[in-house]
Protein chains: 4
Amino acid sequence: MQTKEKPKLDEAEARRAFEGALASYDQDFGKFFLARLFGCGFEYKEDTCQVSFELKDFMLNPQGGLHGGVTAFVLDISMGHLLWKKSGPGTTLEIKVQYAKAARSGPLTATSRFIRHGRGISYLRSELVDDKGELIAFATSTWKSLSRH
Amino acid sequence: MQTKEKPKLDEAEARRAFEGALASYDQDFGKFFLARLFGCGFEYKEDTCQVSFELKDFMLNPQGGLHGGVTAFVLDISMGHLLWKKSGPGTTLEIKVQYAKAARSGPLTATSRFIRHGRGISYLRSELVDDKGELIAFATSTWKSLSRH
Amino acid sequence: MQTKEKPKLDEAEARRAFEGALASYDQDFGKFFLARLFGCGFEYKEDTCQVSFELKDFMLNPQGGLHGGVTAFVLDISMGHLLWKKSGPGTTLEIKVQYAKAARSGPLTATSRFIRHGRGISYLRSELVDDKGELIAFATSTWKSLSRH
Amino acid sequence: MQTKEKPKLDEAEARRAFEGALASYDQDFGKFFLARLFGCGFEYKEDTCQVSFELKDFMLNPQGGLHGGVTAFVLDISMGHLLWKKSGPGTTLEIKVQYAKAARSGPLTATSRFIRHGRGISYLRSELVDDKGELIAFATSTWKSLSRH
């Protein structure tokens, strides 16, 4: 009879991510707790926002790939932060994510762009790629800008 | 000159969630690390899967509502677990989430159902509601079943 | 050498649909030209809108099933008309359609419902079924209400 | 008492479109009846498919803009034809269309591209623009290739 060992996470790494997030978060754009927990770095250039992070094994799904929820999270913040940079805070009306390939390691980068920027409603898209430039996931979304008073 | 206090998280609560996840995870359906970190409980009845969790403030976005990425995560696993229960593991081809209302507290429950179950391709939907039954978000998704050898 | 006969449409039926549309259209809700061309009938009950039509072979795709564009069209108008009935005209921000089964004949009915009705933004869904109640397609959409002056 | 004149279509133009479609259709890619009715021209270059058509007023919605169902139809066929050109027929699993701007006149062109081409599952996107290059709508979709025997 076979007793299959369940895969174990690198718990020390998960702990470093957690303690690092607690030590560095600030509930604001670019630095809120979950963004820190997932180790997201932000870069803005030419009407794009790039969110980069290192895949760590506490982010995996039961099948050993990056969990789709984390993918959605990172794509979402890449778009939300670009909108915020351009015209202030907004709220996501909807997001769609298409999953192209399972990510299993390495640095990943989501790059967001506007499909259309409007005063009230904006559409954005974002691509998550691995370090070889291969597409992991593609997202589009609809946002409503919030007035800033 | 004004110095605005940034909102602080309940860090002890975040720490309990993290340590609890580390102590109880198993990289399998229902128990993988992120599901434990977000405190997800699973219940299956009559072709639905219910995923319940308590909103904790480490899950918030910079604007003080449940982060849309966490919403997407929970909706995703409610659908993935229902498919797995019915016919084994599958991979998400795509997911769309529509956000109805910001969630700020309390227990939240995602209930998933099949739109169509197929041998190869399945469609599912899921609703996230708060403890008053008010809709927080609605998702639909497309899955491809993986053969189980 | 084989010369395969291309399938021919019932051209008399297409002509009747066209002439009927020309004779009966009015560029208003429920009666605009394309709705007449596709033979759509509208029924409103208990916060739903039902759009029924008879599949005619001029609506087919090259593979002999109802064209997905016609499916999207009928689902779209079932949702737009329900919103219009409830709170006046609106504009579609986005629509997603999932295709469950090819429709090849018979009367088809799209039934729309609100996921959430709002003063500014509304979410709707709609299901297209055949005369056996089998699901042909499922749609969700996001609408922005237009003010009525 | 006010009697508001309803807008009238250019019925002669609608008739020319219909008769032209009947005279030239062939239920195959590029030439099926609905594609002919909407006057679609197809062009393939460098892994894109361009579908161009002239907006005619029988294609309008009750508010006087191009009907979203026609937009969805044209975006759908631009993607389906590109997939067919690349690797044979496929079936749409789902499509999402985001509407950027109402189109009221002129030639319109949908240009489709692959997000990811796969043997089984492919993702495509397509943009509909007017003759000034302004974006009318943006679509993404998921396709399953059908085997060719």
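So, here is what we can say about the structure in this document. Everything numeric in this text was worked out from a predicted model, so none of it was measured. (Residues numbered from 1 in each chain as written. Chains lettered and ligands numbered in written order. Predicted model: local features only at pLDDT ≥ 70, side-chain atom pairs only at ≥ 80, totals over all residues. Heavy atoms only, no water.)

All right, on to the interface of chain B and chain A then. Taken together, the contacts link 46 residues of chain B with 46 residues of chain A. Across the interface of chain B and chain A, roughly 3900 Å² is buried in total on both sides, 61% from carbon and sulfur atoms. At the boundary of chain B with chain A, the tally comes to two salt bridges. Residue Arg15(B) is joined to Glu19(A) by a salt bridge in which the shortest nitrogen-to-oxygen separation is 2.6 Å. (Contact = heavy atoms within 4.5 Å. Buried area = accessible area lost by both parts, 1.4 Å probe. Salt bridge = Lys/Arg side-chain N within 4 Å of Asp/Glu carboxyl O.)

All names here are of chain B. As for its position among the elements, Arg104 is in the loop between strand 3 (90–99) and strand 4 (107–116). C-alpha of Arg104 to C-alpha of Ala139: the two residues are 35 residues apart in sequence and 19 Å apart in space. Beyond its immediate sequence surroundings of up to four residues, Arg104 is in contact with Leu55, Gln63, Gly64 and Gly65. A polar side-chain atom of Arg104 sits 2.9 Å from the main-chain carbonyl oxygen of Gly64. (Helix = DSSP H or I, 4+ residues; strand = E, 2+ residues; numbered from the N terminus. Polar contact = N/O pair within 3.5 Å; in protein donor to acceptor, adjacent residues only side chain to side chain.)

Overlay of chain B on chain A (RMSD 0.0 Å): rotation 180°, translation along the axis 0.0 Å. The superposition of one copy onto the other is thereby described by a two-fold rotation axis. Considering only C-alpha atoms, the residue of chain B closest to the rotation axis is Lys96(B), which sits at 2.0 Å. Counting the interface residues of chain B, we find that 100% of their copies in chain A are interface residues as well, pointing to one common contact surface. (Least-squares fit on C-alpha atoms with pLDDT ≥ 70 in both.)

This brings us to the packing of aromatic side chains. Under the criterion given, the structure shown has 30 aromatic pairs over all chains. Their ring planes at 75° and their centres at 5.9 Å tell us that Phe33(C) and Phe58(D) sit as a pair that is edge-to-face. Within this pair, whereas Phe33(C) is found in helix 2 (residues 33–37), its partner Phe58(D) is found in the loop between strand 2 (48–54) and helix 3 (68–87), the two belonging to separate chains. Given the relative accessible area of 1%, Phe33(C) is considered buried. Classification of Phe58(D) as buried rests on a relative accessible area of 2%. It is Lys85(B) that lies over the ring of Tyr44(B); its NZ or CZ is 4.6 Å from the centre. (Phe/Tyr/Trp six-rings, centres within 6.5 Å; stacked < 30°, edge-to-face > 60°. Buried < 20%, exposed > 50% of the residue type's maximum accessible area, 1.4 Å probe, protein only. Lys NZ or Arg CZ within 6 Å of the ring centre and 35° of its normal.)

Moving on, we get to the interface of chain C and chain D. How large an interface is tends to be reported as the accessible area lost when its parts come together. Chain C puts 46 residues into the contact, and the matching count from chain D is 46 residues. Summing the contributions of chain C and of chain D, the shared interface buries around 3900 Å²; its carbon and sulfur component is 61%. If you sort the residues of chain C by the area they bury against chain D, Tyr25(C), Gln27(C) and Pro62(C) come out on top, with a joint share of 15%. If you look at where chain C meets chain D, you find 10 residue pairs in polar contact (both at pLDDT 80 or more). For the side of chain C that touches chain D, the elements supplying multiple residues, two or more each, are helix 1 (11–24), helix 2, helix 3 (68–87) and strand 3 (90–99) of chain C. Per element, the largest residue contribution to the side of chain C that touches chain D is nine residues, and it comes from strand 3 of chain C. Its residues placed into classes, the side of chain C that touches chain D shows 26 nonpolar, nine polar and 11 charged. Two elements, strand 3 of chain C and strand 3 (residues 90–99) of chain D, share five bridges in a ladder whose sense is antiparallel. Looking at strand 3 of chain D, one finds that Ile95(C) is bridged to Val97(D). (Nonpolar A, V, L, I, M, F, W, Y, C, P; charged D, E, K, R; others polar. Pairing = 2+ DSSP bridges.)

A separate point is the relation of the copies chain C and chain D. For the pair chain C and chain D, the best superposition has an RMSD of 0.0 Å and corresponds to a rotation of 180° with a translation of 0.0 Å parallel to the axis. Interface residue correspondence from chain C to chain D reaches 100%, placing this contact among same-surface, isologous pairings.

Time to look at the environment of Ile136(B). Position of Ile136(B) among the secondary structure elements: in strand 6 (residues 135–145). Aside from chain neighbours lying at most four places away, what touches Ile136(B) is Gln98(B), Tyr99(B), Ala100(B), Lys101(B), Ala103(B), Leu108(B), Leu128(B), Val129(B) and Asp130(B).

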